[in-house]
Amino acid sequence: MTTESTSVRLFVSFPEELVERPMIYGIVKGYDVVPNIRRANVEAHSGWVILELTGGPDALDGAIAHLEGLGCQVNRMEGDVVEG
């Protein structure tokens with residue numbers, strides 16, 4: 001395992017069938033990434049989260065691919081949308 005780690009900020013949206021699924025827990029356990037939830041909105045019919053992930057490049061790529069494979073829409077973000 002590499003000690004090099006980087007961070008990415010993601011906007012992850014997900015449909016109703018994934019609302020009750022522990023997706024972030026799954027990527028933490030499966031890909032050894034560290035999550036930082038910056039903002040989220042989860043309702044009965046859908047949800048979204050602004051998620052900062054830290055980990056090795058391969059772990060981050062795997063975690064993002066996993067989320068997309070579940071049916072999430074994942075977009076990389078630039079800058080800090082929480083400030084201001």
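These lines cover the structure that appears in this document, whether it is placed above or below. Everything numeric in this text was worked out from a predicted model, so none of it was measured. (Residues numbered from 1 in each chain as written. Predicted model: local features only at pLDDT ≥ 70, side-chain atom pairs only at ≥ 80, totals over all residues. Heavy atoms only, no water.)

**Section: the environment of Val49**
Tracing the backbone through its elements, the reader meets Val49 in strand S3 (residues 46–55). Take Val49: its relative accessible area is 7%, and that puts it in the buried class. A sequence separation of 38 residues divides Val49 from Phe11, and the C-alpha atoms of the two residues are 5.9 Å apart. When neighbours within four sequence positions are excluded, Val49 is seen to be in contact with Leu10, Phe11, Val12, Phe14, Ile37, Arg39 and Ala40. (Helix = DSSP H or I, 4+ residues; strand = E, 2+ residues; numbered from the N terminus. Buried < 20%, exposed > 50% of the residue type's maximum accessible area, 1.4 Å probe, protein only. Contact = heavy atoms within 4.5 Å.)

**Concerning the sheet that holds strand S1 (residues 6–15)**
Pairing in this open sheet of four strands is antiparallel, and the strands run S2-S3-S1-S4 from one edge to the other. Each of the sheet's edge strands pairs with one partner strand only, and the pair in question is strand S2 (34–42) and strand S4 (73–76). Along the sheet, successive strands turn relative to each other by an average axial angle of 20°, direction set aside. Bridge analysis of S1 against S4 gives four bridges, and the strand direction is antiparallel. Within S4, the position partnered with Phe11 by the bridge is Asn75. (Pairing = 2+ DSSP bridges. Axes fitted to C-alpha atoms, helices over the stretch in contact; angles between N-to-C directions.)

**A closer look at the pairing of S1**
Strand direction decides the pairing type here: S1 and S3, joined by ten bridges, are antiparallel. When the bridges of S3 are listed, Arg9 appears paired with Glu52.

**Quick notes on the environment of Asn41**
One can find Asn41 in strand S2. When the C-alpha positions of Asn41 and Ser13 are compared, they lie 9.4 Å apart, and in sequence the two are 28 residues distant. Beyond its immediate stretch of four places on either side in the chain, Asn41 contacts Ser46, Gly47 and Trp48. Polar side-chain contacts of Asn41 include one of 3.3 Å to the side chain of Glu43. (Polar contact = N/O pair within 3.5 Å; in protein donor to acceptor, adjacent residues only side chain to side chain.)

**Things to note about the pattern of salt bridges**
A complete count under the given rule lists three salt bridges for this structure. Ionic pairing is found between Glu52 and Arg9, a salt bridge with its closest N-O pair at 2.7 Å. On the criterion of sequence distance, the pair formed by Glu52 in strand S3 and Arg9 in strand S1 is long-range, its members being 43 residues apart. As a salt-bridge pair, Arg76 and Asp61 come within 3.9 Å of each other at their nearest N and O atoms. Pair noted here: Arg76 is in strand S4 and Asp61 is in helix H2 (residues 57–70), with a separation of 15 residues, a long-range link. Using a relative accessible area of 54% as the deciding quantity, one classes Arg76 as exposed. One network of salt bridges, with partners in common, ties together Arg9, Arg38 and Glu52. (Salt bridge = Lys/Arg side-chain N within 4 Å of Asp/Glu carboxyl O.)

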